[in-house]
Structure formats: structure tokens, C-alpha cells
Amino acid sequence: MSSNNSTPKIGVFYDGNFLLHASNYYNYIHSQRRRLSLNGLHDFISQRVAEEEGIDPKRCRVCEAHYFRGRLNAADAAQRGSQLYHDRVFDDILMSEGVHTHYLPLRNIYGRKEERGTDVWLSLEVLEMALLGKIDVAVLVVADTDYVPLVRKLIAMGVRVMLISWEFEYTNDEGTRIVTRTSHELLNLAHYPVLMQEVIECGLKQDNQLIMNLFVQNPESRQGDGGVDSGYDGEDEQSTGRREPGARFTSQILSLKNGYGFIKYPNNNLFFHNLDVIEGEFSEFSPGDEVEFSIDKNDQGQDVAKQVKRLGAGNPKGNSFWSGM
């Protein structure tokens, strides 16, 4: 615990992929239906450190913040609809909060794009700042056991460690079970472990303003500034500006597999699950069929087709992107 006259230097270090999973959970699964706010998270961290250190909250501020994540290259992102736009919006958000970005290209591992090296880079950055005396409290927004050696080293150097953790599980639109767990070894080692899911649930029940501010404001209140002051990753449902809520579209089925398929749609084809079919049976669909559908987001923030129904013979009605092409 610090004396009341001390001003601890706080550094926050984000595993971007972990933070994205948490934000997606609250945006798509939790009753809040809102993303995490980077600004609100920093305010929460400052307040929590002040409580743990026993000092005046006014003397407690984040002085260093760093975000680490693997990212698609420009060519790959251009094939994913408005991904490049969303990446740029999120960069604006990070800059507005004074967060330094550290990106590594996603690697093609056995046909899949995966992160490699971000955990090592994060650890090296934290250690360098600790050695240079730039931080007194390292706030780690991470989950993996791989960070245990880092935490042990920080403890040996006299740097206090706060661990921001989440634990939840749910089934996404593709029927995949998403499980997020924080290493119990990390939780046991950290000076100040913070179980965010418990803190948030308790705070919401009490209408605690600090906890309410952990989430972005309603989209209407953010129009005009692009959500830079409060949004987490810029992937807002209204950000495309090309469709109204409840709009229906028509296009063609591109391909079908066991229980799911893809619909032709610019600039990226839309995934749909057999549970998203609202009339008829999935087994009746064939590639080339005209279908009508709405568009929503999955838990990764990607466009997917919902409420899909097969159209009969004749000219389909709706906002087809493919007429005249």
C-alpha cells in the first residue's frame, strides 16, 4: 500500500483478442447489449487502483496504455466487407485514449489465420517499462497462463500487478461453444485480481455509475463523433450506413454445407445457419436459389444473414444488390 502522498504510475496492457471476446459477450449475449467502453474502463482502473493502494483517486491516473493484437493485412481485410473501415475507426478510438498500438500480422497456420508473438511482445514491453521505472502498477488485461512468468518477474521487481479478468461461456451463431477463462495461477499471483464479471453484475444491480460507464452510450448519443470518445472497437450496428433496421434483402445462395451456407453479398459473402431459416426446410435449399434475408452481426462483429427464406418463381422483391449485375 502506498502513502497518501504518493502518485503511482499506472500502465495498462491489453491482450486485444481477449478484450474483443469480452466486449462481444456484453454486446451480443449479455442483457446490456452494449460494448465495453475504453474510456470507462480506464476510469474504473484508476478508481480501483486508488482503492487498493489507499490513496486519493484524484492522484491516480493511467500514464501508459498499450494494445497488442494480430491483424489482417490490407489485402485480406479488403475482402471482408467494411473491415478496413472498422480497423481505422478503432485506431481512432485508441488514439483518442492515448493508447499505443502494437500490431503483428496474422499468420496462416494450417489454413487458418492465427496470432503469433503478441504475448511475447506484450511481456517485453511491460518488462522494459518496469526496468526503466515508468510504471509502479502494471494492469494486465490478459487471460493466458503464458503470462505467469511475466507476473512473477514483475513481483520480484517490486511492481504491483492488477489483473483484469473475465470468465464466461456461450454458444455463438454457428453453434460453436465459446469459453473464456482466466488462468487461476495468474489470479493467485496478482496483487489485485479483479473478477470483472462479478464486479459488473453487482454494480449494475446497484446502478453504480462507475460500472454503468464501463459500457458505451446508446448509438444515438455518439452520432457525429464516430464513437471515438466512448466506443470500444467501432463495429457499431449503424456504422455501415447502408441499411435501415429491419430491412430485407434478396440475393442468391452461393454454397451449402452440413447445416450452414453462404449467400452472395458484396463485398463479402454472408454466412447463415440452418436455424436461421424461417420458412421451409434447410434441406430444400440449393445453390443458386433466390432468398430473402435480414442482416445482423455475429459475436465476432461480422455481418451474417438472419431470417432467411427461399423465394418462389418470378422476380423477387426487395433491395437486391445483384439486379443489373
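Values in this document were obtained by computation on a predicted structure and should not be read as measured data.

J.: Could you give an account of the overall build of the protein, naming the residues involved and the relevant values?
T.: The number of helices and strands found in the protein is 10 helices and 16 strands. Looking at the protein as a whole, 46% of its 325 residues qualify as buried. Total accessible area on the protein is roughly 16,300 Å²; 46% of this is exposed by carbon and sulfur atoms.

J.: Account for the pairing of strand β11 (residues 249-257), with residues named and values stated.
T.: Pairing of β11 with strand β15 (residues 290-297), which is carried by 4 bridges, proceeds in the antiparallel orientation. Within the sheet, the bridge partner assigned to F249 lies in β15 and is F293. Pairing between β11 and strand β12 (residues 260-263): 4 bridges, direction antiparallel. Residue pairing in the sheet places I253 in a bridge with I263 of β12. Counting the residues between successive antiparallel strands, the hairpin from β11 to β12 contains 2 residues, one of them, G259, with a positive phi of roughly 90°.

J.: Talk me through helix α8 (residues 196-205); I want residue IDs and the actual numbers.
T.: Those residues of α8 that fall on the buried side of the exposure criterion are M196, Q197, V199, I200, G203 and L204. Viewed along the axis of α8, the buried residues span an arc of 160°, placing them on a single side of the element. Looking at the buried side of α8, the elements it contacts are α1 (16-29), α2 (38-53), β7 (160-165), β10 (192-195) and α9 (209-212).

J.: So what's going on with the sheet that holds β7? Residues and values would help.
T.: Taken in spatial order, the 6 strands make up an open sheet running β3-β2-β1-β6-β7-β10, and their pairing is parallel. The strands lining the two open edges of the sheet, one partner per strand, are β3 (100-105) and β10. Across the sheet, the mean angle from the axis of one strand to that of its neighbour is 15°, orientation sign disregarded. Relative to strand β2 (residues 61-71), strand β1 (residues 9-15) runs parallel, the two being bridged by 7 bridges. Each residue of the ladder has a partner; that of F13, found in β2, is H66. Against the sheet, helix α5 (residues 118-131) makes contact with β1, β2, β3 and β6 (137-141), and its axis sits at roughly 160° relative to β2, the strand it touches most.

J.: Give me the lowdown on unusual backbone geometry, citing residues and values where you can.
T.: A positive phi is found at R33, a non-glycine position, where the angle reads about 55°. In this fold, R33 is placed in the loop between α1 and α2. Positive phi is not limited to glycine here, since D207 has a value of about 55°. Take D207: its relative accessible area is 59%, and that puts it in the exposed class.

J.: Got a sec to walk through the nonpolar core? Specific residues and values, please.
T.: Ranked by internal contacts, the top residues of the largest apolar core, which has 43 residues, are F44, I45, V139, I164, W166, M196 and I200. For this core, the element with the highest residue contribution is α2, accounting for 6 residues. With residues near it in sequence (within four places) discarded, I200 still touches Y26, W166, I211, L214 and F215. Membership of the second largest hydrophobic core comes to 21 residues, among which are L122, A138, V148 and L150.

J.: Could you give an account of the packing of α5 against helix α6 (residues 148-156), with specific residues and numbers?
T.: α6 packs onto α5 with a crossing angle of 5° between their chain directions and a minimal axis gap of 10 Å. The angle between the axes of α5 and α6 places the two elements in the roughly parallel class. When α5 is examined against α6, the residues L122, S123, V126, L127 and A130 are found in contact with a partner set consisting of L150, K153 and L154. A class-by-class count of the residues in the contact of α5 with α6 yields 6 nonpolar, 1 polar and 1 charged.

Criteria and thresholds
- Residues take numbers from 1 onward in each chain, read along the sequence in its written order.
- It should be noted that, the model being predicted, local features are given only for residues of pLDDT at least 70 and side-chain atom pairs only at 80 or more, the latter also being counted only at that level, while totals for whole chains, interfaces and linings use all residues.
- Only heavy atoms go into the side-chain values, all of them from the structure, while hydrogens and water stay out.
- Only DSSP runs of H or I reaching four residues or more are called helices, and only runs of E reaching two or more are called strands; each is numbered from the N terminus.
- A 1.4 Å probe rolled over the protein chains alone gives each residue an accessible area, and that area as a share of the maximum for its type sets the label: buried under 20%, exposed over 50%, partly exposed in between.
- Computed with a 1.4 Å probe, the accessible areas rest on the Shrake-Rupley method; for each residue, only the protein chains presented here act as cover.
- Paired strands, as defined in this entry, are two strands with at least two bridges between them according to DSSP.
- Note that the arc is computed from the directions linking the helix axis to the C-beta atoms.
- Contacts are assigned to residue pairs with any non-hydrogen atoms lying within 4.5 Å of each other.
- For helices, the axis comes from a line fit to the C-alpha atoms of the stretch in contact; other axes are also lines fit to C-alpha atoms, and the angle between any two N-to-C directions lies between 0 and 180 degrees.
- Among buried residues, those of type Ala, Val, Leu, Ile, Met, Phe, Trp, Tyr and Cys that are joined through side-chain atoms within 4.5 Å constitute a nonpolar core.
- Any angle that falls under 35 degrees is termed roughly parallel, while one over 145 is termed roughly antiparallel, one within 65 to 115 roughly perpendicular, and all others oblique.
- The residue classification treats Ala, Val, Leu, Ile, Met, Phe, Trp, Tyr, Cys and Pro as nonpolar and Asp, Glu, Lys and Arg as charged. All others, Gly included, are polar.

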